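Chain and residue survey
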Amino acid sequence: MHSQGNTYLQTIPSILFCLFIFVLGGPVTSVAQAMPGSNPLNPWPALIREAEALGLPTQFLKEIDPEFVTVEFADLHTYAAEYHPEDHRMILNLRLSFNKAGGALAALDRMTHHDLNLLYHELLHAYLDFIFFGREADRLTPQAKHLLAFAQKQLQCHYRFIRITPIRQRKASTELRFLSDDDAWEALNETWAMFVGWAIWTKLELFPDKQTFGQWTPQHREQWGDRLAQADRQGEILGYYEPDDPVERNIARKRFLAPSHGITIQGIQLLLETILSESPDIVAKSKAIINTTRETVEKPLSCGES
Ligand SMILES: [Zn+2]
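We now turn to the structure provided with this report. (Residues numbered from 1 in each chain as written. Predicted model: local features only at pLDDT ≥ 70, side-chain atom pairs only at ≥ 80, totals over all residues.)

Brief notes about the sheet that holds strand β6 (residues 175-178)
Spatially, the four strands line up as an open sheet ordered β6-β5-β8-β7, and their pairing is antiparallel. Every interior strand has two partners, whereas the edge strands, β6 and β7 (240-241), have only one. By the bridge criterion, two bridges tie β7 to strand β8 (residues 255-257) in an arrangement that is antiparallel. Bridging across to β8, Tyr241 finds its partner in Arg255. (Pairing = 2+ DSSP bridges. Helix = DSSP H or I, 4+ residues; strand = E, 2+ residues; numbered from the N terminus.)

Okay, here's the thing in structure tokens:
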């Protein structure tokens, strides 16, 4: 199953159990309409059509073979969603299904901003699964190749030899960990998915009017910067992993990365450009913000990576 696209992981990555830091509230009754023309077994084409109509990013979704991912629904309690790389299966909370019935994906324009955050978080997992395992690297687009190469590099270092925060709320109290292949893969996946979900949610909050969605003004850019600074300082976009090591796992089911091992500036740039299709000025603003917020944070551990 594992294609030549992957030159890093030798085993099937474990299931990604996706936490969701936002409160899963919101009017459930708002999800009352299925995507028009959607096929429960192959929701991809309708999903792309609807996302496009809302001005949400779709370029990366078009890269994924529509047959690659299966979408299912379940009455999840512990986690908001799950992604199973072994059979490329996404399990979403029933809230995201038409009438909460678990049959088909609900219409995107009826989902809450939190639900779209969750959906895009999972879609990023699907994309990374696809570019790592779903297609030979030489058949990927140049953008996907670039992202894959960057991800592989980060798996060697930034998400390999890390600091964690044993107590999530105490960000200054950190411990070192050397992660397994699988845990590093999970840490990267969840970190990047947290950022993509956050970016979608934030943009939806900044542009409540569908008619002007995505039409950035200087005020919007300022607000984006303020929100990004706040999210980074408060650890809202920090990733996590479930330790492979049973001893470690007995202590904590999930380990949260310390701020020093949050998403890197280059990671933010690539995700904004490749996944979120944002403009150069939003990329520049975001990089400048993270440069500032990270000034007071411990430096990432040195292993020869920029
Ligand atoms: Zn996740």
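Considerations on the pairing of strand β2 (residues 70-74)
Residues Val71 and Phe73 point to one face of β2 and are all buried, whereas Thr70, Glu72 and Ala74, pointing to the other face, are not buried. Note that β2 and strand β4 (residues 89-93) share five bridges and pair parallel. Following the sheet pairing, Val71 is matched in β4 by Met90. (Buried ≥ 20, exposed ≤ 12 C-beta atoms within 10 Å, placed from the backbone.)

What about the nonpolar core?
Counting residues in each nonpolar core, the largest one holds 78 residues, and the members touching the most others are Leu124, Tyr127, Phe195, Val196 and Leu271. Looking at this core, the element that brings in the most residues is helix α5 (residues 181-206), giving 14 residues. Once residues lying within four places of it in the same chain are set aside, the contact partners of Phe195 are Ile237, Ile263, Ile268 and Leu271. (Core = buried A, V, L, I, M, F, W, Y, C linked by C-beta atoms within 7 Å. Contact = placed C-beta atoms within 7 Å.)

So, the packing of helix α6 (residues 218-233) against helix α9 (residues 280-293)
Across the interface, α6 lies against α9 with an axial gap of 9 Å and an inter-helix angle of 35 degrees. Regarding α6 and α9, the two cross each other, and that crossing is right-handed. Of the residues in α9, those in contact with Arg221, Trp224, Gly225, Leu228, Ala229, Asp232 and Arg233 of α6 are Asp281, Ile282, Lys285, Ser286, Ile289, Ile290, Thr292 and Thr293. Residues of the contact of α6 with α9, tallied by class, amount to six nonpolar, four polar and five charged. (Axes fitted to C-alpha atoms, helices over the stretch in contact; angles between N-to-C directions. Left-handed = near helix turned anticlockwise from the far one by under 90°. Nonpolar A, V, L, I, M, F, W, Y, C, P; charged D, E, K, R; others polar.)

Limitation: the analysis is restricted to geometry and does not speak to function.
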